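Each chain, letter by letter, is given below.
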Amino acid sequence: DWLEFFRSPDKNMFLRQDDGLAGFYPMNAERAASAEEPDPKEYFQILHGTDIPTPMRPATQCMFDLLATLSGDFLSILDFRLPSAAGVAAMFQDTSRAVLRVAHYPPTSTKRDFAAPHTDIDLITLLPPSSAPGLCVLGRDGIWREVAPTRGEVLVLAGDLLTEVTAGAILG
């Protein structure tokens, strides 16, 4: 499973290549735009056609395909129901632009936040259930709330690009 992958030195055989976005990213490889320090996480980023480690390949490919389809369906509904979103579904017709990121936040002995507060840059982010608690979302009232989708649920977060293409009708 993915936890075993992240614990194994074999993960380094899948390091992201300089000319691409897919593959394994080691600890501290990413920093939120507003943060001074990198996020204490490692992750494996999957795009269409990515070489996924063998033990996780069937389930991960299935999850990738399902989330890509759900993304397209969700954007089609927005396109139909929200005049300011007209054309947004066309931006995702080619699912080869879909990205699945399997993130691992190793246990830490400090009380530092896992990731700095941030917005996502894409159209939408879909979050299936996590293996650990900790995800918080900032409400319009300015209060941070822990969210945890359960089995069979997917949390949909609006991204900066969706805010832009809907002229602010949907806030990320």
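The structure this text deals with has already been given above.
Keep in mind it's a predicted model, so treat the numbers as computed, not measured. (Residues numbered from 1 in each chain as written. Predicted model: local features only at pLDDT ≥ 70, side-chain atom pairs only at ≥ 80, totals over all residues. Heavy atoms only, no water.)

Moving on, we come to the nonpolar core. Residues Trp2, Ile46 and Leu75 are the most contacted members of the largest nonpolar core, which totals 25 residues. Mapped onto this core, the elements with two or more residues apiece are α1 (2–7), β2 (42–46), α2 (57–81), β3 (100–104) and β4 (124–127). For this core, the element with the most residues is α2, which contributes five residues. (Core = buried A, V, L, I, M, F, W, Y, C linked by side-chain atoms within 4.5 Å. Buried < 20%, exposed > 50% of the residue type's maximum accessible area, 1.4 Å probe, protein only. Helix = DSSP H or I, 4+ residues; strand = E, 2+ residues; numbered from the N terminus.)

Now for α2. With 25 residues, α2 should reach 36 Å at 1.5 Å per residue; the first-to-last C-alpha distance of 36 Å fits that figure. Residues of α2 that are buried: Thr60, Phe64, Leu67, Ala68, Ser71, Gly72, Leu75 and Leu78. The elements touched by buried residues of α2 are α1, β2, β3, β4 and α3 (160–165). (Expected span 1.5 Å × (residues − 1). Contact = heavy atoms within 4.5 Å.)

Now for a nonpolar patch on the surface. A contiguous nonpolar patch, built from Leu70, Val154 and Val156 and spanning about 180 Å² of accessible area, is present on the exposed surface. Considering the arrangement of structural elements, one finds Leu70 in helix α2. (Patch = residues over 30% accessible without salt bridge, like charges linked within 9 Å, V, L, I, M, F, W, Y side chains within 5 Å. Areas by Shrake-Rupley, 256 points an atom, 1.4 Å probe, with all protein chains shown as cover. Salt bridge = Lys/Arg side-chain N within 4 Å of Asp/Glu carboxyl O.)

Next up on the list: the side chain of Gln45. Positionally, Gln45 belongs in strand β2. Every residue in contact with Gln45, bar those within four places of it in the chain, is listed here: Leu21, Ala22, Gly23, Tyr25, Thr50, Val99, Leu100 and Arg101.

Purely geometric numbers; function is a separate question.
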